[in-house]
Amino acid sequence: MNKWTASACAIVATLALAACGGSKDQAESAAAPASGTAAKKATVARPAANADDNSWGLYLADQGKVHADDIGMKPFIYVIPVADSQMGDDRRKNETESIVNGAGSVLIPGALLIIGGPDANVTRSFVEGLGQKVKPDSLKGVTVLVVSDAAQKDGLSKVLAPTGARARVVSM
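Quantities reported herein were computed from a predicted structural model and do not represent experimental measurements.

1. Quick word on the nonpolar core
Then, number 1: Within the largest apolar cluster, 21 residues are counted, with the highest numbers of intra-cluster contacts made by Ile99, Leu113, Ile115, Leu139 and Val144.
Then, number 2: Of all elements in the fold, only strand E2 (112–116), helix H4 (120–133), strand E3 (143–148) and helix H5 (153–160) reach the threshold of two or more residues within this core.
Then, number 3: Sort the elements by how many residues they give to this core and H4 lands first, with four residues.
Then, number 4: Filtering out sequence-adjacent residues up to four positions away, Ile99 remains in contact with Tyr78, Leu107, Leu113, Ile115, Phe126 and Leu130.

2. Description of the sheet that holds strand E4 (residues 166–171)
Working definition: the strands of a sheet are paired by backbone hydrogen bonds and lie parallel or antiparallel to each other.
Then, number 1: A sheet is described by the order of its strands in space; here four strands give the open sequence E1-E2-E3-E4, paired in parallel fashion. Every interior strand has two partners, whereas the edge strands, strand E1 (76–79) and E4, have only one. The average undirected angle you get between the axes of adjacent strands in this sheet is 15°.
Then, number 2: For E1 and E2, the ladder comprises four bridges, and the chain directions are parallel. Bridge assignment links Tyr78 to a residue of E2, and that residue is Ile115.
Then, number 3: Sheet strands in contact with helix H2 (residues 53–67) are E1, E2, E3 and E4, and its direction is about 135° off that of E1.
Then, number 4: Strands E1 and E2 of the sheet are contacted by helix H3 (residues 86–102), whose axis makes an angle of about 160° with E1.

3. Some thoughts on the pairing of E2
Moving residue by residue along a regular strand, the side chains alternate between the two faces of the sheet.
Then, number 1: Within E2, five of the five residues are buried, leaving the element largely enclosed by the surrounding structure.
Then, number 2: Every second residue of E2 is oriented toward a common face, with Leu112, Ile114 and Gly116 on one face and Leu113 and Ile115 on the other, all of them buried.
Then, number 3: Strand direction decides the pairing type here: E2 and E3, joined by five bridges, are parallel. Within E3, the residue paired with Ile115 across the bridge is Val146.
Then, number 4: What joins E2 to E3 is H4, and the crossover it makes is right-handed.

How each quantity is defined
Residues numbered from 1 in each chain as written. Predicted model: local features only at pLDDT ≥ 70, side-chain atom pairs only at ≥ 80, totals over all residues. Heavy atoms only, no water. Core = buried A, V, L, I, M, F, W, Y, C linked by side-chain atoms within 4.5 Å. Buried < 20%, exposed > 50% of the residue type's maximum accessible area, 1.4 Å probe, protein only. Helix = DSSP H or I, 4+ residues; strand = E, 2+ residues; numbered from the N terminus. Contact = heavy atoms within 4.5 Å. Pairing = 2+ DSSP bridges. Axes fitted to C-alpha atoms, helices over the stretch in contact; angles between N-to-C directions. Right-handed = clockwise from strand over helix to strand, strands pointing away.

Shown next as structure tokens:
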């Protein structure tokens, strides 16, 4: 009987120590977001205008962390190309179609859509075209973060208003 009691005590002690270790990890992970929040609020460095799409995508994702950290869903990021070529035009058209067609199925209330690129005027033009093609109220409850020129905030907000989106326009 003593062997069983000793074994039971050893198991209980092991579980208790494991539980204490879990509490310490939980305490550390709870403290980490507080220090991470300060880091997220830091200014994000803008890539060069000729940087690749990956750099711009990372930049837009960082802008989402800074300006839309209240959104819980992962963002949908659209880097708007500036190339005045058939390839740039085709890509902007494809991205418009992606947003228009995804509005009902993928872009559900609570979603975050981040739009931006190297040229604020091209981004503005893209958003204006998007506002005309998206059906009224089809982006209801979706937050659209436009990383562009803050001076364009009123115009872009007005363009996106019929879509039902919550528009946020921030400077690059």
